[in-house]
Amino acid sequence: MSSLVIRTPEPSDVAGLADLLVQAWNKAYRGLIPDTVLDDPHAWSRRHRMWSIMLAEADPERRIALAERSGKIVGVGVSQPSEEDPKIRSLSILYVLANEYGTGTGQVLFDAVIYPDEPSDLWVAEPNPRAQAFYRKNGFVDGKTRTSEHWGIKEKQMMRLATASS
């Protein structure tokens, strides 16, 4: 397998990031969220617009790491301060392509956007045991639950205290 490159995305990566999210969502969420969401013909253009805006905003508090293998985007991670408590780092995006499962790409991306010395949280689909196992391996524990406004599925908040001294 070729070397993995982790870097900050650039505006020229927007289309590849949109492709990645559409593919990753189809793999991770098929059967969990309505097919109409995954099969929406506008899904790619929505993701393209989202990444265009995110990369154009110079938010110094947001961390974005892109994983690339053989020139192809294979994963992405994003974190920022929590809206509820700015002392907590929130993981909002962590996706890799299915062929990257088990390669360590997700872990490298996670480590690039969430540091061990900072308390963190995230929301994960409750019926997604693979993701939950990954987060538990990284020291997260279960928190409160809610029903997603957009998809109508249960989501679980997972939290982690700092795991290393600063």
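Shown above is the structure to which this text applies.
Residues numbered from 1 in each chain as written. Predicted model: local features only at pLDDT ≥ 70, side-chain atom pairs only at ≥ 80, totals over all residues. Heavy atoms only, no water.

A.B. asks: Looking at this model, I keep getting lost on the packing of helix 1 (residues 14-29) against helix 3 (residues 43-56). Mind explaining?
C.D. replies: For any two helices packed against each other, the geometry comes down to the angle between their axes and how far apart the axes lie. At their nearest, the axes of helix 1 and helix 3 sit 8 Å apart, and the two run at 130° to each other. Overall, the two elements helix 1 and helix 3 adopt an arrangement that is oblique. Handedness of the crossing formed by helix 1 with helix 3: right-handed. Contacts from Val14, Ala15, Leu17, Ala18, Asp19, Leu21, Val22 and Trp25 of helix 1 reach helix 3 at Ala43, Trp44, Arg47, His48, Met50, Trp51, Ser52 and Leu55. Residue composition of the contact of helix 1 with helix 3, by class: twelve nonpolar, two polar and two charged. (Axes fitted to C-alpha atoms, helices over the stretch in contact; angles between N-to-C directions. Helix = DSSP H or I, 4+ residues; strand = E, 2+ residues; numbered from the N terminus. Parallel < 35°, antiparallel > 145°, perpendicular 65-115°, else oblique. Left-handed = near helix turned anticlockwise from the far one by under 90°. Contact = heavy atoms within 4.5 Å. Nonpolar A, V, L, I, M, F, W, Y, C, P; charged D, E, K, R; others polar.)

A.B. asks: Looking at this structure, how should I read the sheet that holds strand 5 (residues 120-125)?
C.D. replies: To summarise the sheet geometry, strands pair through backbone hydrogen bonds and adopt either a parallel or an antiparallel arrangement. Read across the open sheet, the seven strands follow the order 1-2-3-4-5-7-6; overall the sheet is mixed. In the strand order of this sheet, the two ends are held by strand 1 (4-7) and strand 6 (141-147), each with one partner. This sheet shows a mean twist of 25° between the axes of neighbouring strands, independent of strand direction. Of the strand pairs in this sheet, strand 3 (residues 72-81) and strand 4 (residues 89-96) are connected by seven bridges, and their pairing is antiparallel. By the bridge assignment, Gln80 is partnered in strand 4 with Ser90. (Pairing = 2+ DSSP bridges.)

A.B. asks: How do you make sense of helix 5 (residues 129-137) when you look at a structure like this?
C.D. replies: Helical geometry: 3.6 residues make up each α-helical turn, so side chains three or four residues apart lie on a common side. Every buried residue of helix 5 is accounted for by Ala131, Gln132, Phe134 and Tyr135. For helix 5, the buried positions fall inside an angular range of 160° around the axis, keeping them on one side. Exposed side of helix 5, more than 90 degrees from the buried face: Pro129, Arg130 and Lys137 are the residues found there. Here the buried face of helix 5 lies against strand 4, helix 4 (105-113), strand 5 and strand 7 (154-160). A positive phi of about 90° marks Gly139, the residue just after helix 5. (Buried < 20%, exposed > 50% of the residue type's maximum accessible area, 1.4 Å probe, protein only. Arc of directions from axis to C-beta.)

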